[in-house]
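Read off the chains here:
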Amino acid sequence: MAEGNKEKLHIRLHVYDMDISVAVPVEEEALYREAAILITNTLNSYASVFMGHRSEKEIMYMALIEIALRFEKEAKRNDTKPYRDILVKLTSEIEGVVKG
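First, a word on what this report is: a plain description of the structure on this page. Small disclaimer: the values here were computed from a predicted structure and weren't measured. (Residues numbered from 1 in each chain as written. Predicted model: local features only at pLDDT ≥ 70, side-chain atom pairs only at ≥ 80, totals over all residues. Heavy atoms only, no water.)

1. Observations regarding the layout of surface pockets
As a volume, the largest pocket reaches approximately 170 Å³. Elements represented by at least two residues in the lining of the largest pocket include exactly β2 (18-25), α1 (29-50) and α2 (56-77). Looking at which element gives the most residues to the lining of the largest pocket, the answer is α2, with four residues. (1 Å grid on protein atoms, 1.4 Å probe; cavity = no way out; pocket = protein on both sides within 12 Å on 5 of 7 lines; lining within 4 Å. Points joined across faces, edges and corners; volume = space filled by probe spheres on them. Helix = DSSP H or I, 4+ residues; strand = E, 2+ residues; numbered from the N terminus.)

Structural data, given as structure tokens:
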């Protein structure tokens, strides 16, 4: 519920060939603007290579896949679960030795 109470800022983002009006949390405005730039730059890169050879929709999906792939790689890089699992195991072993 607290999420809905955050102050929103209405901004216009230029994404590729379109201006989009969005309401964003004030503290995330810069992130939204950077995301719009990332999308625009990625689409421009694909369009410069494939425009005329592939449909605009296919070019957009190719750009989305690249951005999603970056996201997935970053999420896996920041996954701390394996470290937490090792720490739990080591803690258990240490406690066993200390008690034993």
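Okay, back to it.
2. Comments concerning the nonpolar core
Counting seven residues, the largest nonpolar core is built from Y16, L43, Y46, A47, I59, M62 and A63. When sequence neighbours within four positions are dropped, the list of residues in contact with A47 reads Y16 and I59. I11, L13, V15 and V24 belong to the second-largest nonpolar core, a separate cluster that totals five residues. (Core = buried A, V, L, I, M, F, W, Y, C linked by side-chain atoms within 4.5 Å. Buried < 20%, exposed > 50% of the residue type's maximum accessible area, 1.4 Å probe, protein only. Contact = heavy atoms within 4.5 Å.)

3. What about the packing of aromatic side chains?
Within the structure shown, the criterion is met by one aromatic pair. Centroid distance Y46 to F50: 6.1 Å. Interplanar angle 20°. Geometry classified as stacked. Residue Y46 and its partner F50 are located together in helix α1, separated by four residues, close to a single helical turn. (Phe/Tyr/Trp six-rings, centres within 6.5 Å; stacked < 30°, edge-to-face > 60°.)

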